[in-house]
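What follows is each chain in one-letter form.
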Amino acid sequence: MAPYKIISNELAYKGHIIDVEKDVIEFEDGHKSVRETVTHNGASALVAVDNEGRLIFVRQYRHAAGKEVLEIPAGTLEKGEDPEACAIRELEEETGYVAGKISFMIKFYSAIGFCTEILYIYLAEELTDGHINFDDDEFIETEKYTLDEAISKIFSGEIIDSKTIASVL
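Below: a short report on this structure. Here the structure is a predicted model, which means the values were calculated and not measured.

Attention now goes to the overall build of the chain. When you go through the chain residue by residue, the secondary structure sums to 3 helices and 10 strands. When the helices and strands of the chain are read in sequence order from the N terminus, they spell out β-β-β-β-β-β-β-α-β-β-β-α-α. Counting only C-alpha atoms and orienting by the principal axes, one finds that the chain spans roughly 60 × 35 × 30 Å. For the chain, the proportion of its 169 residues judged to be buried stands at 37%.

Before going further, it helps to spend a moment on the layout of surface pockets. In this structure, the largest pocket occupies an estimated 1,400 Å³ of space. Looking at the largest pocket, it is lined by 39 residues, and the ones nearest its centre are Ile17, His40, Arg62, Thr76 and Glu117. Elements represented by at least two residues in the lining of the largest pocket include exactly β5 (55–62), β6 (67–71), β7 (74–76), α1 (83–95) and α3 (162–168). Residue classes in the lining of the largest pocket are distributed as 16 nonpolar, 9 polar and 14 charged.

On the basis of which strands lie adjacent, the open sheet formed by 3 strands has the order β1-β2-β3 and antiparallel pairing. Here the strands that pair on one side only, and so sit at the sheet edges, are β1 (4–14) and β3 (32–39). Geometrically, the sheet is characterised by an average inter-axis angle of 20° between neighbouring strands, direction not taken into account. Inspection of the sheet shows β1 paired to strand β2 (residues 19–27) by 9 bridges, in the antiparallel sense.

Right, let's get into α1. The periodicity of an α-helix, 3.6 residues per turn, causes residues three or four positions apart to be oriented the same way. Taking 1.5 Å as the rise per residue, α1 with 13 residues should run 18 Å; its terminal C-alpha atoms sit 18 Å apart, in good agreement. For α1, the complete set of buried residues consists of Pro83, Cys86, Ala87, Glu90, Leu91, Glu93, Glu94 and Thr95. The N-capping residue of α1, defined by a side-chain oxygen 3.2 Å from the backbone nitrogen of Glu84, is Asp82. One or two steps after α1, the chain reaches Gly96, where phi turns positive at roughly 80°.

Procedures and definitions
- Residues numbered from 1 in each chain as written.
- Predicted model: local features only at pLDDT ≥ 70, side-chain atom pairs only at ≥ 80, totals over all residues.
- Heavy atoms only, no water.
- Helix = DSSP H or I, 4+ residues; strand = E, 2+ residues; numbered from the N terminus.
- Buried < 20%, exposed > 50% of the residue type's maximum accessible area, 1.4 Å probe, protein only.
- 1 Å grid on protein atoms, 1.4 Å probe; cavity = no way out; pocket = protein on both sides within 12 Å on 5 of 7 lines; lining within 4 Å.
- Points joined across faces, edges and corners; volume = space filled by probe spheres on them.
- Nonpolar A, V, L, I, M, F, W, Y, C, P; charged D, E, K, R; others polar.
- Pairing = 2+ DSSP bridges.
- Axes fitted to C-alpha atoms, helices over the stretch in contact; angles between N-to-C directions.
- Expected span 1.5 Å × (residues − 1).
- Polar contact = N/O pair within 3.5 Å; in protein donor to acceptor, adjacent residues only side chain to side chain.

Following this line, the structure appears as structure tokens:
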């Protein structure tokens with residue numbers, strides 16, 4: 001049994017990518033508290049390794065950070081979409097590569113304290129050329145680095161994206 005019960009649930013915001021729910025919960029001792037939760041379909045991302053052993057990154061503007069950020073290719077799951085299918089789609093859309101081999105690595109919550117988003121991380125290997133197909137609001141540059149270079153960029157603070165840090169390390 002959960003140590004609390006939900007007294008009320010309210011949709012505080014309905015967005016294109018996220019919703020925000022406001023719950024009033026009551027703990028076993030009668031204490032009440034408010035919890036705000038960002039609900040999100042989840043996302044898939046890839047550590048893509050080219051045939052020379054370099055990792056493929058994308059550099060794109062991220063509004064929340066207010067700047068361009070270096071990260072692994074990733075994308076939001078469509079409702080009901082298989083995470084592996086999303087990863088395969090996003091790899092080609094963002095980098096122009098198709099993976100001959102894809103392997104599940106890990107999954108984790110992006111921000112477990114307030115968000116339902118789960119990230120599914122895959123390893124993409126045996127890459128061949130496909131077709132880039134950016135979304136209308138995406139302006140992406142592709143960059144390649146060795147694993148050592150990528151780790152150096154993490155510890156120097158150039159790579160600041162949590163999914164990229166967790167996945168590369």
